[in-house]
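Now for the letters of each chain:
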Amino acid sequence: MDEREQWRQMLESVLGPDGADEAMRALEASGADPAEWAKASGVAQNPQALAAAMQQMQRILSSDDGGESDWRFAHDVARQVAHSGGDPAVTAAQATKVRAVLTVADLWLDAATELPPAGGEHVAASRADWVERTLPTWRAVADPIGVSVAQALAGVLDDQLGGELPEEMGALPGGMDLPRLITKLGRLGFAMQVGQGAGTLAREVFGGTDIGLPLLSGSDLLLVPANVEAFAEGLDAEPDEVWHFLAVREAATARLFTHVPWLRAHLLGAVDAYARGVEIDAEQMEEAVRSIDPTDVEQLRSALGQGIFSPQRTPDQERALVRLETALALVEGWVEEVTAAAVAPHLPHAVPMREMLRLSRAAAGQAEDTFRQLVGLELRPRRARDAARLWAIIARERGVSGRDALWSQLDLFPTAEDLDQPELFGDRRAEDDDISADLDAALEAILSDTGGDDAPRENPEAPDEPEDPTPTAP
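Since we're looking at a predicted model, the values are computed, not measured.

Scoring rules and cut-offs
- Once a new chain begins, its residue numbering starts again from 1 and follows that chain's sequence as written.
- Where local features are concerned, this predicted model is filtered to residues with pLDDT of at least 70; where side-chain atom pairs are given and counted, the filter is 80 or more; whole-chain, interface and lining totals use all residues.
- Side-chain descriptors were evaluated using all non-hydrogen atoms of the structure, hydrogens and water having been removed beforehand.
- Numbering of helices and strands runs from the N terminus, with a helix taken as a DSSP run of H or I at least four residues long and a strand as a DSSP run of E at least two residues long.
- Using a 1.4 Å probe on the protein chains alone, a residue whose accessible area is under 20% of its type maximum counts as buried, one over 50% counts as exposed, and one in between counts as partly exposed.
- We call two residues contacting when some pair of their heavy atoms lies within 4.5 Å.
- Surface exposure here means Shrake-Rupley accessible area, sampled with a 1.4 Å probe, where a residue is shielded only by the protein chains that are shown.
- Note on definitions: the grid is 1 Å and covers protein atoms alone; a cavity is a set of points where a 1.4 Å probe fits but cannot get out; a pocket is an open set with protein on both sides within 12 Å along at least five of seven lines; lining residues have an atom within 4 Å of a point.
- Grid points are joined across faces, edges and corners, and a volume is the space filled by probe spheres set on the points.
- Simply put, an axis is a line fit to the C-alpha atoms, just over the touching stretch for a helix, and the angle between two N-to-C directions goes from 0 to 180 degrees.
- Two helices that cross are described as forming a left-handed crossing if the nearer one is turned anticlockwise from the farther one by less than a right angle, and a right-handed crossing if clockwise.
- Polar here means any residue outside two lists: the nonpolar Ala, Val, Leu, Ile, Met, Phe, Trp, Tyr, Cys and Pro, and the charged Asp, Glu, Lys and Arg; Gly therefore counts as polar.
- Confidence scores per residue from the predictor, reported as pLDDT, run from 0 to 100.

1. Some words on the overall build of the protein chain
Scanning the protein chain for helices and strands turns up 19 helices and two strands. When the 474 residues of the protein chain are sorted by exposure, 49% land in the buried category. Within the protein chain, counting contacts between residues at least 6 apart in sequence, those at least 24 apart form 80% of the total. Within the structure as shown, the protein chain displays about 23000 Å² of accessible surface, and the carbon and sulfur contribution to it stands at 49%.

As C-alpha cells, this is what we get:
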C-alpha cells in the first residue's frame, strides 16, 4: 500500500468513502501532496499514527480564524464534487440563449404578476460557478449548527476521557487540548460534508432559486445550462419549451426576493433562529458514546452516520421550522401559479412540465439527505401543492393585484392555518377585518369620550360665567 492510499484510508475513517475521495481530489487540486504528508507522518491504520498525521494538518486544525480554514477546505470539496461527472464550460451560444430566454421570461411575467422584473444581470453559470455564488449562504445556514454539535461532542468525549489523552496518541498539534481538537475536527468534518452536499446540488439545480432559500445575494437571474439541457433530454417537450419554462420560474422567484424587502430576512431569520437554538441532549449523547473508544475515529464516524449525535429540537426551534416551511411553501406555490399563468399562452406542454417538475422536486436526492441529516432542514417545501391551491383561490377572489398585495408586508402574509384550509382564507380575512374595524371603532369612541388629544381642554380653575343682569320680560 503506497503513502497516498494510506492517507486516503485515514480520511475515509473520518469522512466515509465518498468524502475521502472528494477530500483527496480537493487537496490535490489546491496544490497539496497527500503522499508527502503520509511519508512525513508515517500514517498507518491505527490510533498511534493519528497524532503524527495531525501534525501535517496543523495549519488547518490549530488555526484560530473563526472557521475560515474549514470553509476554504469545504469550498474545494464542493467544487470537486460539482466537477465530478463533468462540468463543461459555458459556451457563447449557451450564454446567448440564457440571456434570450430570461428576457422573454420577464415579458411573459409582466402579464401574470404586478411585481416588476428583478433588474439584475442574466448569468449563464457552470456548476462550479453555482458553488462559488451560493456557498457563502450555505455557510451562514449551516455553520452555527456545526459549531454547536462539535462543541457538545467535545464536551462529552472530554468528560469520558477525564481530560487526559491516551499516551499512544502523543502530543496534539499546536499544543491544543483535547476538547479544542475534537471541536475543530467536528467543525471541519461538518463543513466538508456541507460542501459535498452543495457540490452535489450543483449537479441538480437549474438556477439560483430552485430550493426556495435566497442563495444569491443580489438580484441576478441565473441558469445552469448543463443541468437544464440534461433535464430536457428526459422529457417529451421540445428543449426550447423546457428552457422557457425554467427561465420563467427563475425570473418569477427573483422578482419576489428583489421586491419583497422582508422576505429574505424572514426566511434566513427562521433558519438562524433554528440554528442558534440548537441544544444537544448531553445524557443521550453520553449514553451513545459510552461504548465508543474516543481514539477510534472509525467508531466515531459510524456513530455520527447513524445520527446518534443529532440535535434535539426545542419548542422554539419547532416554531421556527413551521415558520420556515410555511414561507418556503408559499414562495414555491406562488412561483408555480405565476409561472403557469405566464407560460400558458406560449408553451403547449406547460401542464405536464409543471407536474414533472413537482415530481422531481418531491424526490429527495443525496444532497437533500445530507442537509437533512446535518442541518435538520428540508430543502424541498412539503406543502407547495397546498400553497399553490391557496394562491389560486386568492387570485380568483381578489384578482392578481389583490394576490400580489399580500406580499407587501408580513402582517398580511398567509399562515400555516391558511395552508390547512385554503378555501376558508377569504372568510378568515373578512373576520379579521371585522375585528380590526371593531377595534378601530372602539378606539375612536374612547378618544371621543376623552376629547381626544387635539380637543380643546376645559379649564377647571376658570371663574363661573356671571349671570345675565338683564331682567326677563314678563
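2. Re empty space enclosed by the protein
Under the criterion given, the structure shown has four cavities of 30 Å³ or more. Approximately 90 Å³ is the volume found for the second largest cavity. Lining the second largest cavity are F206, G207, T209, D210, L223, L246, R249, E250, T253, L357 and R361. Secondary structure elements with two or more residues in the lining of the second largest cavity: helix 10 (239-259) and helix 15 (350-362).

3. So, the packing of helix 6 (residues 92-109) against helix 10
Orientation of helix 6 relative to helix 10, taken along the N-to-C sense of each, is 65°, at an axis distance of 8 Å. Between helix 6 and helix 10 the crossing geometry is right-handed. Where helix 6 abuts helix 10, its residues K97, V98, V101, L102, V104, A105, D106, W108 and L109 lie against D240, W243, H244, A247, V248, E250, A251, A252 and R255. When the residues that make up the contact of helix 6 with helix 10 are grouped by side-chain class, the tally is twelve nonpolar, one polar and five charged.

4. Re the confidence of the model for the protein chain
Of all residues in the protein chain, 59% have pLDDT values of 70 or greater, and the mean over the chain is 76. Taken as a whole, residues 36-56 scores under 50 in pLDDT and shows 38 contacts with residues more than four places along the chain or in a different chain. Low pLDDT (under 50) marks residues 465-474, which in the prediction has zero contacts with non-local residues, meaning those over four places away or in another chain.

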